[in-house]
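# Results of the structural survey
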Amino acid sequence: MTPERIAVLGGGSWGATLAAQLALNKHDVMIWEFDPKVAERLSTDRSLATLPELKIPESIQITNTLADALKGRRLVLSVTPSQTVRATFQAAVKTGTFEPGSLVISASKGLEDGTFATMSQIIRETFPAVGDIVILSGPSHAEEVATRKPVALVSASSSQKAAERVQDVFVSDLFRVYTSDDALGVELGGSLKNIYAVACGVVDGLDLGDNTKAALLTRGLAEMTRLGNAMGAKTPTFYGLSGLGDLIVTCGSRHSRNRLLGEKVGSGKTLAQALGEMTMVAEGVVTCRAAQQLAQDRGVNMPIVNEMYQILFAGKPARDSIKDLMTRQTRAEMEGIVV
Ligand SMILES: NC(=O)c1ccc[n+]([C@@H]2O[C@H](COP(=O)([O-])OP(=O)(O)OC[C@H]3O[C@@H](n4cnc5c(N)ncnc54)[C@H](O)[C@@H]3O)[C@@H](O)[C@H]2O)c1
């Protein structure tokens with residue numbers, strides 16, 4: 001593998017963990033971190049307060065100046081929180097050092113509030129001269145990747161060459177990467193699953209048990225597949241690592257902040273109270289609002305998203321939502337899914 005010069009935009013848990021993986025693979029990596037204090041800590045202590053188990057390799061350079069990170073680096077990993085991706089790319093374009101034709105890897109998960117855009121749409125809109133865009137997604141809590149536990153992800157792009165290049169850049173004996181040509185499906189799976197993670201947390205908060213959670217997860221998969229189909233994504237993608245795989249991990253894991261947020265709401269807290277108790281981003285909340293609108297615009301039936309929207313934004317008691325979900329018109333399991 002030829003070492004590449006890579007800029008990592010975002011030195012949070014996932015950005016720093018992916019940067020460490022790239023450094024282990026002998027690439028020349030520079031992280032741009034938005035918060036000067038976090039950048040300073042990354043640089044001097046080689047660690048993150050939010051992920052103490054990760055040791056940042058000495059070979060990784062850290063900067064708080066976007067222009068420095070982008071200079072001479074035509075492979076750019078975008079991994080800031082989803083609601084900051086547009087501002088980050090707008091600032092990146094203004095630096096004048098973001099080279100046209102650069103390959104961008106998008107690892108942020110979520111849909112933009114207000115526009116409902118995917119991360120790759122935002123990147124292309126803010127920098128039309130960008131080269132290929134590759135989505136990197138799958139079941140991957142930073143806490144476990146940072147402690148060198150095996151993980152499998154998908155590298156997805158309409159350009160097979162670009163997807164394979166990103167596969168080569170990351171792959172190692174503990175970091176397995178598959179390719180896919182369904183970038184939209186992979187991107188939607190990684191974003192929408194956060195809504196069901198919040199919903200699984202609500203089920204935990206209500207102490208409803210494993211059967212309820214399994215039903216929620218699989219019916220969540222059905223409705224996200226329906227929305228994906230309506231937008232042009234392929235059904236099998238949702239049954240792969242970036243769909244079902246990510247749903248399983250995020251709905252079951254103790255590391256999932258979206259699940260934790262849902263648990264707080266399920267046990268009676270308001271959204272504002274639950275958010276106030278969180279220190280890290282929980283993107284399922286904003287994504288729920290986006291998915292609700294996308295589904296409405298396309299006439300797609302997404303009952304779980306609708307109920308989560310009511311719970312989070314209209315104060316509907318979670319128990320009433322469960323009752324309403326259970327007493328809807330009965331139907332065939334695979335109704336509305338392209339097979
Ligand atoms: N943590 C994970 O396990 C994981 C796994 C896969 C994907 N992701 C995705 O990666 C993205 C980043 O998540 P994370 O876990 O690294 O976040 P994090 O909560 O650990 O860190 C957030 C980072 O964003 C920075 N930030 C805050 N405001 C900013 C702004 N206006 N512009 C740019 N940066 C800003 C903070 O300084 C911090 O470094 C998210 O979209 C998330 O869904 C996370």
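What this report covers is the structure whose coordinates are included nearby. (Residues numbered from 1 in each chain as written. Predicted model: local features only at pLDDT ≥ 70, side-chain atom pairs only at ≥ 80, totals over all residues. Heavy atoms only, no water.)

## Notes on the nonpolar core
Defined as follows: Buried Ala, Val, Leu, Ile, Met, Phe, Trp, Tyr and Cys residues form a nonpolar core when they are joined through side-chain atoms within 4.5 Å. The rule is simple: take the accessible area with a 1.4 Å probe, protein chains only, and divide by the maximum for that residue type; under 20% is buried, over 50% is exposed, in between is partly exposed. Secondary structure counts use DSSP, requiring at least four H or I residues in a row for a helix and at least two E residues in a row for a strand, with both numbered from the N terminus. Residue contacts are defined here by distance: any two heavy atoms, one from each residue, within 4.5 Å place the two residues in contact.
Grouped together as the largest cluster of nonpolar side chains are 42 residues, with contacts concentrated most on L192, I195, Y196, L261 and M308. Per-element tally for this core: the top contributor is helix α8 (residues 183-205), with 9 residues. With sequence-adjacent residues up to four places away left out, L261 is seen in contact with V198, L271, A274, L275, M278, A282 and V285. Within the second largest apolar cluster, 38 residues are counted, among which are V8, A16, A20 and I60.

## Things to note about the site of the ligand
Note the following rule: The near set for a molecule or strand comprises every residue that places at least one heavy atom within 4 Å of it. Two N or O atoms form a polar contact when they lie within 3.5 Å of each other; inside protein one atom must be a possible hydrogen donor and the other a possible acceptor, and for residues adjacent in sequence the pair counts only when both atoms belong to side chains. Calculation of accessible area relied on Shrake-Rupley with a 1.4 Å probe; when residues are assessed, cover is drawn exclusively from the protein chains displayed. In this classification, the charged set is Asp, Glu, Lys and Arg, the nonpolar set is Ala, Val, Leu, Ile, Met, Phe, Trp, Tyr, Cys and Pro, and all remaining amino acids, among them Gly, are polar. Domain start and stop points were drawn from an automatic or database domain assignment.
For the ligand, the set of nearby residues contains 25 residues, the closest of which are S13, E33, A142, R257 and E283. For the ligand, an oxygen atom lies 2.5 Å from a polar atom in the side chain of E33. Between an oxygen atom of the ligand and a side-chain N or O atom of E283, the distance comes to 2.6 Å. Surface burial for the ligand is 83%, taken as the share of its 830 Å² of free accessible area covered by protein chains. Counting residues per element, the shell around the ligand draws most heavily on helix α1 (residues 13-24), which supplies 3 residues. Residues belonging to the shell around the ligand are distributed by class as follows: 9 nonpolar, 11 polar and 5 charged. Residue-level mapping places the shell around the ligand at the junction of two domains, with at least three residues from each of domain 1 (5-181) and domain 2 (191-326).

## Considerations on the packing of aromatic side chains
The condition is simple: Ring pairs shown here join Phe, Tyr and Trp side chains whose ring centres sit within 6.5 Å, with only the six-membered ring taken for Trp; geometry is labelled stacked below 30 degrees between planes, edge-to-face above 60, and tilted in between.
Taken as a whole and judged by the stated rule, the model has 5 aromatic pairs. Seen from their ring centres, W32 and F34 are 6.4 Å apart, and the 80° between their planes marks the pair as edge-to-face. Classification of F34 by relative accessible area gives exposed; the value is 63%. Taken together through their ring pairs, the aromatic side chains of F89, F98 and F127 make up a single cluster.

## Some details on the environment of F34
Counting through the fold element by element, F34 comes out in the loop between β2 (28-32) and α2 (36-44). Taking C-alpha positions, F34 is 7.7 Å from G11, a pair spaced 23 residues apart along the chain.

## As for helix α16 (residues 318-326)
We count it as follows: Relevant arc is that of directions from the helix axis to the C-beta atoms, nothing else.
Taken as a whole, α16 has its buried residues at A318, S321 and L325. Angular distribution of buried residues about the axis of α16 spans 55°; they occupy a single face of the element. Of the exposed residues in α16, those oriented more than 90 degrees away from the buried face are R319, K323 and M326. On the buried face of α16, the contacting elements are α8 and α15 (303-314).

## Side note on the pattern of salt bridges
Two side chains carrying opposite charge are able to pair once their charged atoms lie near each other. Stated formally: We define a salt bridge as a side-chain nitrogen of Lys or Arg found within 4 Å of a carboxyl oxygen belonging to Asp or Glu.
Following the criterion strictly, the structure yields 19 salt bridges and no others. Between R74 and E99 there is a salt bridge whose closest N-O contact spans 2.9 Å. One end of the pair, R74, is in the loop between α3 (66-70) and β4 (75-78); the other, E99, is in the loop between α4 (85-95) and β5 (103-106), with 25 residues separating them in the sequence. Between D181 and K234 there is a salt bridge; the shortest N-O distance is 3.0 Å. With a gap of 53 residues between them, D181 in the loop between β8 (175-180) and α8 and K234 in the loop between α9 (210-231) and α10 (235-238) connect regions that are remote in the sequence. The class of D181 is exposed, set by a relative accessible area of 51%. Judged by relative accessible area, which is 40%, K234 ranks as partly exposed. Connected through salt bridges with shared partners, the residues D204, K213, R259 and E263 form a single ionic network.

## Re the sheet that holds strand β6 (residues 133-137)
Where we set the bar: Whether two strands pair depends on DSSP finding at least two bridges between them. Interaxial angles span 0 to 180 degrees and are taken between N-to-C directions of axes, which are lines fitted to C-alpha atoms, for helices over the stretch in contact.
With respect to topology, 8 strands assemble into an open sheet ordered β3-β2-β1-β4-β5-β6-β7-β8, the strand pairing being mixed. The open sheet has two edge strands, β3 (61-63) and β8, and neither has a second partner. Between one strand axis and the next, the sheet turns through 25° on average, direction left out of account. Pairing of β2 with β3 involves 3 bridges; the strand directions are parallel. Within β3, the residue paired with M30 across the bridge is Q61. Lying over the sheet, helix α7 (residues 160-170) contacts β1 (5-9), β4, β5, β6, β7 (151-156) and β8, oriented at roughly 180° with respect to β8.

## Focus: the pairing of β6
The criterion, for reference: Viewed with both strands pointing away, a crossover whose connecting path from the first strand over the helix to the second turns clockwise is right-handed.
Counting buried positions over the 5 residues of β6 gives 5, a clear majority of the element. Here β6 shows no split at all, with I133, I135 and S137 on one side and V134 and L136 on the other all buried. The pairing of β5 with β6 spans 3 bridges and is parallel. Bridging across to β6, V104 finds its partner in I133. For the handedness criterion, the β-α-β arrangement of β5, helix α5 (residues 119-126) and β6 is classed as right-handed. With 3 bridges joining them, β6 and β7 adopt antiparallel strand pairing. Bridged to S137 within β7 is V154.

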